[in-house]
Structure formats: C-alpha cells, structure tokens
Amino acid sequence: MDYMRQALHLAKHAIHHDEVPVGAILVLNDHIIAQTHNQCVMDCNSLHHAEMLAINQGIAHLQTPYLNECTLYVTLEPCPMCAAALAQARIGKLVFGAYDLKTGGIEHGPKIFDHAHYKPEIIGGVLENECSELLSNFFKEKR
C-alpha cells in the first residue's frame, strides 16, 4: 500500500500541471526503478500516460525489453493502450487503484489481458476511494 500512496502523491503533483491525476510507480525487488505521472499536456503528447512513461523508464533502467519481475502500481485502471503496452512489456504484476468504468482496459472495456499472449497478476481497487476521489474532484473543477 505504501507504493500506491506514493503513486497517489505523484498523481496529486500532476494536477499542478493541469494533467489528469494519474501516478505510477514501477518496483523491482522492493526498489523503485521508475516513478511518474501523466504528462500528456506537459509534453504535448497524448501517449504520455503515466503507465507508458513508467514502462519506458523501467526498460531503460533495466536495459531489457521485458519487465516480468516488476510490479506496476498505478492510481487508475489502465486504458486499452496502456494495457496492451503492459502485455508487450510482460509486466509481472499490476496493482491499480480506481476502476475506470468508461475507458478501462483491464476489468472494463476490451479487457486486454483476456486476449493477450501474456497475463500478469492483477490486483485492482487498492486505495480505490482515495484514487477515485482525486479523479472526481479534478473533473468537477474542470466542468
């Protein structure tokens, strides 16, 4: 739960950059090897979701295309794009906070891992209320 709290802290930091508040922490053997938040607005790149950035940082850190010994903690259920990237990177374990009923790609929507060549251990709903509240408040302020 400590790693999810750290991811939540990163998500809160994203708000200061007008980003959708999603944070991600990539862990290997109880060591953080990547930590980031959404940077789509900051980088002017719609692909810069927290998960995608964490995958890239992890691959660069480990100098390997696969993250099968790693755990990704992310505050929101990954979208289909991020879920497919996690499958390609062969993430060992995925832990996420809030469920995304509209655009999720793990438990909702296309359920990418049900059709992928690789399926990690998945745990959803960790600190779900805090993660959901952060997102809800962000979008309420936008409206």
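Right, let's walk through the structure included here. (Residues numbered from 1 in each chain as written. Predicted model: local features only at pLDDT ≥ 70, side-chain atom pairs only at ≥ 80, totals over all residues. Heavy atoms only, no water.)

With that settled, consider the nonpolar core. Met 4, Leu 26, Leu 72 and Leu 94 are the most contacted members of the largest nonpolar core, which totals 44 residues. Looking at this core, the elements that each hand over two or more residues are α1 (2-15), β1 (23-28), β2 (31-37), α3 (50-62), β3 (70-76), α4 (80-88), β4 (93-98) and α5 (128-142). For this core, the element with the highest residue contribution is α1, accounting for six residues. Beyond its immediate sequence surroundings of up to four residues, Leu 26 is in contact with His 31, Ile 32, Ile 33, Ala 34, Ala 54, Gly 58, Leu 67, Cys 70, Thr 71, Leu 72 and Ile 91. (Core = buried A, V, L, I, M, F, W, Y, C linked by side-chain atoms within 4.5 Å. Buried < 20%, exposed > 50% of the residue type's maximum accessible area, 1.4 Å probe, protein only. Helix = DSSP H or I, 4+ residues; strand = E, 2+ residues; numbered from the N terminus. Contact = heavy atoms within 4.5 Å.)

A few words now on the pattern of salt bridges. Overall, the coordinates contain three salt bridges when judged by the stated rule. The residue Glu 130 makes a salt bridge to Arg 5 at a minimum N-O spacing of 4.0 Å. Of the two residues, Glu 130 is situated in helix α5 and Arg 5 in helix α1; the sequence distance between them amounts to 125 residues. For Arg 5, a relative accessible area of 43% gives the class partly exposed. Across the pair Asp 114 and Lys 119 runs a salt bridge, and its minimum N-O distance is 3.8 Å. Accessibility assignment for this pair places Asp 114 and Lys 119 in one class, exposed. (Salt bridge = Lys/Arg side-chain N within 4 Å of Asp/Glu carboxyl O.)

To continue, consider the packing of aromatic side chains. According to the stated counting rule, one finds three aromatic pairs in the structure shown. A ring pair is formed by Tyr 3 and Tyr 73, whose centres lie 5.2 Å apart and whose planes are at 40°; its orientation type is tilted. On the criterion of sequence distance, the pair formed by Tyr 3 in helix α1 and Tyr 73 in strand β3 is long-range, its members being 70 residues apart. Grouping residues by exposure puts Tyr 3 and Tyr 73 together as buried. The interplanar angle of 80° and the centroid separation of 5.1 Å between the aromatic rings of Phe 138 and Phe 139 together place this pair among those described as edge-to-face. When the ring centre of Tyr 66 is taken as origin, the NZ or CZ atom of Arg 90, which lies over that ring, is 4.1 Å away. (Phe/Tyr/Trp six-rings, centres within 6.5 Å; stacked < 30°, edge-to-face > 60°. Lys NZ or Arg CZ within 6 Å of the ring centre and 35° of its normal.)

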